Amino acid sequence: MTSPGTASISLNGGQRWRAFWVCVSVAALTILDLSKVNVALPSIEKALGAGSTQLQIVVSGYVLMFGLALVPFGRLGDQRSRKALFLVGLSLFLVTSVVCALAPTIEVLIAARLVQGLAAGIQMPQVLGTIQQIFVGKERGRAFGLFGATIGVATAIGPTFGGLMIAVGGVQDGWRWIFWINVPLCALVIAGVLGLLPRTRRSTPGRLQLDPVGLMLLAFTIVTLMWPFLFTTGAPTDDPRRWWSLVLFVVFVSAFTWWERRYAASGRSPLVPFSLFSISSFRNGTLVVTTYFTAIPAMFLLTTLFLQIGIGTEPVFAGMVSIGFAVASAITAWFGGSLVARLGRPLVVGGLIVVLVSVVALAIVAYTVPAGVVEYAMAGVMVLAGAGAGFVVAPNQTLTLAEIPTREGGLAGSVGQLGQRVGTAVGTAIGLSLFYSTVYREKDGGGDALAVFHDAYAYGMVAVGVFLGIALLLGVIDLGARRRAAQD
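Presented here is an overview of the structure given in this document. (Residues numbered from 1 in each chain as written. Predicted model: local features only at pLDDT ≥ 70, side-chain atom pairs only at ≥ 80, totals over all residues. Heavy atoms only, no water.)

With respect to the nonpolar core
Rules: Within this scheme, the nonpolar core is defined by two criteria: the residues are buried Ala, Val, Leu, Ile, Met, Phe, Trp, Tyr or Cys, and they are joined through side-chain atoms within 4.5 Å. Partly exposed describes any residue whose relative accessible area lies between the buried limit of under 20% and the exposed limit of over 50%, with all areas from a 1.4 Å probe on protein chains only and scaled to the type maximum. In this description a helix means any DSSP run of H or I spanning at least four residues, a strand means any run of E spanning at least two, and both kinds are numbered starting from the N terminus. Contacts: residue pairs with any heavy atoms within 4.5 Å of one another.
Ranked by size, the top nonpolar core spans 63 residues in total, and within it Phe20, Val71, Val127, Ile131, Phe147, Val193 and Phe282 carry the most contacts. The element contributing the most residues to this core is helix α1 (residues 13-35), with ten residues. In contact with Val193, other than residues within four places in its own chain, are Val22, Val26, Lys83, Phe86, Leu87 and Leu90. The next biggest cluster of nonpolar side chains, apart from the first, holds 53 residues, and it includes Ala156, Val349, Met378 and Met461.

Written out as structure tokens, the structure reads:
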């Protein structure tokens, strides 16, 4: 089944690239908020007296709501005005940023972050759907290359940006500046949407097809999957009963699958067309990016925590360690977008190998390089990691959506983004759990303070390496499938 049709409006080259840069600015704003808050967690803990579980929800609650919104609003954007959804999401993002900045208690901050994640989830499907619609062929590869570069920069520069805001605003209230800065940024992006984003489609009249039962079942599926990870901090107070929600996850995912197949068989458009997963390029690419994003955000968070808590590095300098990653990934993502049409999946596999080697190097550097120098050594390794990362995200995005019809671009992009958000929540929770459980265990045993954090970082990075290894294996499997298909 297909979504209700929309008529595309032909755009010239200038209009296409103008629309692209507006979309990229929206994506950068939402992704930046995923990573820049990480560096503020110690400050939020001191200022609001937050516990480890509450701090985890500040980060992962945003990711949860982001993930919940992606598929329904991707579907809505494919049927109606993406420009209107941009404005709704950005306006809500601006308001919730103000609430976060003014939050008097951790409970208010958590509530605002949850709604802020919803706002981010409204916007992101419109970004991918618009790019998928207005570009074709090699031009689409270049566009996704630039998009990947922007996402890489936003993800990696977030900790630096957050650390700078804390340095400007002070230890007590600097974390509030992380949210205040969203206000002028949102205003600029809203102005860009209103003044620069051309109309790309004429909506076809007709009833919305949103599959409300499927929407409800999908929401329960996502929540029950992510719930135990949201409440995993590595502290001795973690409630082991949280894992029982995974039993409910199995129930809901089974019910969702049954309902979607039944809904499609009745002649209606399901929320998630499972026919998308019959396209091997889409299926494999989505699995690669999901496992990749299970690793990378955790890598940044663990490195920041090790430097801040273990070494005593100031937040702004701990964040600056990732600048090299941002610059290198931006450069290679641009080249990757141009090379992917010629090299294909081997480009992604090569990038994953470089990132995996870099993760091993980071763990070795943390153990062997003394405090005062380790920050610089890690920054050097991050450059190598960024060089590999640029060949992963943007080329993989191009390969994943290459065979997807334009009319389903927003929905297909949303499914991939949902995988990334679930992966981020799971990977962050596992990394944090290994890090903090090691700290609690070895500190109680009277271990040397620095040695404790060496071990904590190493255990966390083992999880990062495992997930990158899985992503690499999936990439190799897809490479083999493509070669067999070419021979046939």
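Further notes follow.
Here's the deal with the environment of Ser278
Heads up, the condition is: Here a polar contact means two N or O atoms within 3.5 Å. Within protein one must be a hydrogen donor candidate and the other an acceptor candidate, and residues neighboring in sequence count only if both atoms are side-chain atoms.
Of note, Ser278 is situated in the loop between α9 (245-265) and α10 (280-311). Within polar-contact distance, the side chain of Ser278 engages the backbone oxygen of Ser275 at 2.4 Å.

Details of the pattern of salt bridges
Here is the rule: Any Lys or Arg side-chain nitrogen found within 4 Å of a carboxyl oxygen on Asp or Glu counts as a salt bridge.
Under the criterion given, the structure shown has six salt bridges. Here Asp33 and Arg113 are joined by a salt bridge, their closest N and O atoms 2.9 Å apart. Within this pair, whereas Asp33 is found in helix α1, its partner Arg113 is found in helix α5 (residues 106-134), the two being separated by 80 residues in sequence. Take Asp33: its relative accessible area is 0%, and that puts it in the buried class. Sharing partners across several salt bridges, the network here consists of Asp33, Lys36 and Arg113.

Points about empty space enclosed by the protein
If you roll a probe as big as a water molecule over the atoms, it shows you where there is empty space left. Cut-off, in case you're wondering: Only protein atoms enter the calculation, which uses a 1 Å grid: trapped sets of points that fit a 1.4 Å probe without letting it out are cavities, open sets showing protein on both sides within 12 Å along at least five of seven lines are pockets, and any residue with an atom within 4 Å of a point is a lining residue. Grid points are joined across faces, edges and corners, and a volume is the space filled by probe spheres set on the points.
Following the criterion strictly, the structure yields five cavities of 30 Å³ or more and no others. Of the volumes computed, that of the largest cavity is approximately 160 Å³. If you trace the largest cavity, you find 14 residues lining it, with Leu34, Ser35, Thr155, Pro297 and Thr424 closest to the centre. Sorting the residues of the lining of the largest cavity by element identifies α1, α3 (52-79), α10 and α16 (409-444) as the ones contributing at least two each. Tallying contributions element by element places α10 first for the lining of the largest cavity, with four residues. In this structure, the second largest cavity occupies an estimated 130 Å³ of space. At the level of elements, α6 (137-180), α10, α12 (323-343) and α15 (393-401) are the ones that each hand at least two residues to the lining of the second largest cavity. The element best represented in the lining of the second largest cavity is α6, accounting for five residues.

A few points about the packing of aromatic side chains
A ring pair, where both rings are aromatic, is described by two values, the distance of the centres and the angle of the planes. Selection criterion: Any Phe, Tyr or Trp ring, taking Trp's six-membered ring, that has another such ring centre within 6.5 Å forms a pair; planes under 30 degrees apart are called stacked, those over 60 apart edge-to-face, and the others tilted. Counted as over-ring charges are cases with an Arg CZ or a Lys NZ within 6 Å of the ring centre that also lie within 35 degrees of the ring normal.
In the structure shown here, the tally under the stated rule is 19 aromatic pairs. Ring geometry for Trp17 against Phe135: centres 4.8 Å apart, planes inclined by 55 degrees, an arrangement best described as tilted. Separated by 118 residues along the polypeptide, Trp17 in helix α1 and Phe135 in the loop between α5 and α6 bring together distant segments of the chain. With relative accessibility at 22%, the residue Trp17 sits in the partly exposed group. A relative accessible area of 0% places Phe135 in the buried class. Between Phe435 and Tyr436, the aromatic rings sit 5.3 Å apart at their centres with planes inclined by 85 degrees, giving edge-to-face as the arrangement. With a relative accessible area of 0%, Phe435 lands in the buried category. Through a chain of ring-to-ring contacts, three or more aromatic side chains come together here, namely Trp17, Phe20, Trp21 and Phe135. It is Arg261 that lies over the ring of Phe274; its NZ or CZ is 4.9 Å from the centre. The cationic tip of Arg421 hangs over the ring face of Phe66; the distance from NZ or CZ to the ring centre is 4.9 Å.

Function cannot be read off these values alone, since they describe shape.
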